[in-house]
Amino acid sequence: MKSTDTLYIIPARGGSKGIPGKNIRPLAGKPLLLYSIEVARELAPDSHILLSTDSEEIAEVGRKAGLTVDYMRPDSLATDTAGSREVIIDAMDYADSAGIRYCNVCLLQPTSPLRTPDDIRGALALYRPELDMVVSVCEVAANPYYNCFEPDPATGYLHISKGEGKFVRRQDAPPAWEFNGAVYIINPEAIRAKKFSEMDRRLPYPMPRERSVDIDTLLDWTLAETILSKYSTQL
């Protein structure tokens, strides 16, 4: 049975500049947006999946997939400067006014098409009401204890970013993580009270790098398409 404990919000603005029409551009044969809609449907009924968009063209792609799209994001939240927090709160306000009940929010950005239902399940399993957020992460490419350096302000000489620089093997250094943009499980009360930067009760959900592609550039697009076309059965 699909759960109604979680409200799934899929934010898809119409004005992408880096890759025009990104959210509805075909990736490995289907619009990018559909990957997030399909993965949400594995976990929740359509009543708890909310597409947040300002674009009728994007909304129509959602409708053709069978999703009801009655809510449209206001123009004030459709600009380059609109923050994710404000977009999420506006979508929550709509859900509340529509009588949709939920205990937490799952933000699924369309730019992470390689996440799986099990990734979301794994993040949800870590969530507790006392947390601000569970966020998906992947291991950083440059570890600040091992191969990430900063210049000394006085001399200009490079020094290790964190620690004493004594690790001679990467695997001996403490692991460091970065947000990969794939899954955010958010406490509704916390996001109404705090900015993302103020949320200090966060737990990581680690994901492998091959499922952590966050599409921002055409190079990212090519990488995601290659993985989907050649290695999708291994994800």
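Presented here is an overview of the structure given in this document.

Cut-off values and rules
Residues numbered from 1 in each chain as written. Predicted model: local features only at pLDDT ≥ 70, side-chain atom pairs only at ≥ 80, totals over all residues. Heavy atoms only, no water. Disulfide = S-S within 2.5 Å. Buried < 20%, exposed > 50% of the residue type's maximum accessible area, 1.4 Å probe, protein only. Helix = DSSP H or I, 4+ residues; strand = E, 2+ residues; numbered from the N terminus. Pairing = 2+ DSSP bridges. Phe/Tyr/Trp six-rings, centres within 6.5 Å; stacked < 30°, edge-to-face > 60°. Core = buried A, V, L, I, M, F, W, Y, C linked by side-chain atoms within 4.5 Å. Contact = heavy atoms within 4.5 Å.

1. Looking at the state of the cysteines
Following the criterion strictly, the structure yields zero disulfides and no others. Between Cys 106, a cysteine without a disulfide, and Cys 103, which holds the nearest cysteine sulfur, the sulfur-to-sulfur distance is 14 Å. In this structure Cys 148 is not part of a disulfide, and its nearest cysteine sulfur, from Cys 138, lies 14 Å away. The exposure class of Cys 148 is partly exposed, given its relative accessible area of 26%.

2. A word on the pairing of strand S5 (residues 104–107)
Of the two faces of S5, the one carrying Asn 104 and Cys 106 and the one carrying Val 105 and Leu 107 are both buried. Across four bridges, strand S1 (residues 6–11) lies against S5 in parallel orientation. Within the sheet, the bridge partner assigned to Ile 9 lies in S5 and is Leu 107. Strand direction decides the pairing type here: S5 and strand S9 (residues 177–186), joined by three bridges, are antiparallel. Across the sheet, residue Val 105 finds its bridge partner in S9, namely Ile 186.

3. Topic: the packing of aromatic side chains
Per the stated rule, a full pass over the model turns up four aromatic pairs. Where Tyr 145 meets Phe 167, the ring centres are 6.4 Å apart and the plane angle is 85°; that geometry is what we call edge-to-face. Of this pair, Tyr 145 sits in the loop between strand S6 (133–139) and strand S7 (149–151) while Phe 167 sits in the loop between strand S8 (158–160) and S9, and the two are 22 residues apart along the sequence. Its relative accessible area of 33% is what places Phe 167 among the partly exposed residues.

4. Points about the nonpolar core
Core analysis: the biggest nonpolar cluster contains 30 residues, and Tyr 8, Leu 33, Leu 51, Leu 108 and Ile 120 have the highest contact counts within it. Going through the elements one at a time, S1, helix H1 (32–41), strand S4 (49–52), helix H2 (56–64), helix H4 (117–126) and S9 are the ones with two or more residues in this core. Other than its neighbours up to four places away in sequence, Tyr 8 contacts Ala 40, Leu 43, Ala 44, His 48, Ile 49, Leu 50, Cys 106, Leu 108, Ile 120 and Leu 124. Core analysis: the second largest hydrophobic core is formed by 21 residues, Leu 7, Val 105, Ala 190 and Ile 191 among them.

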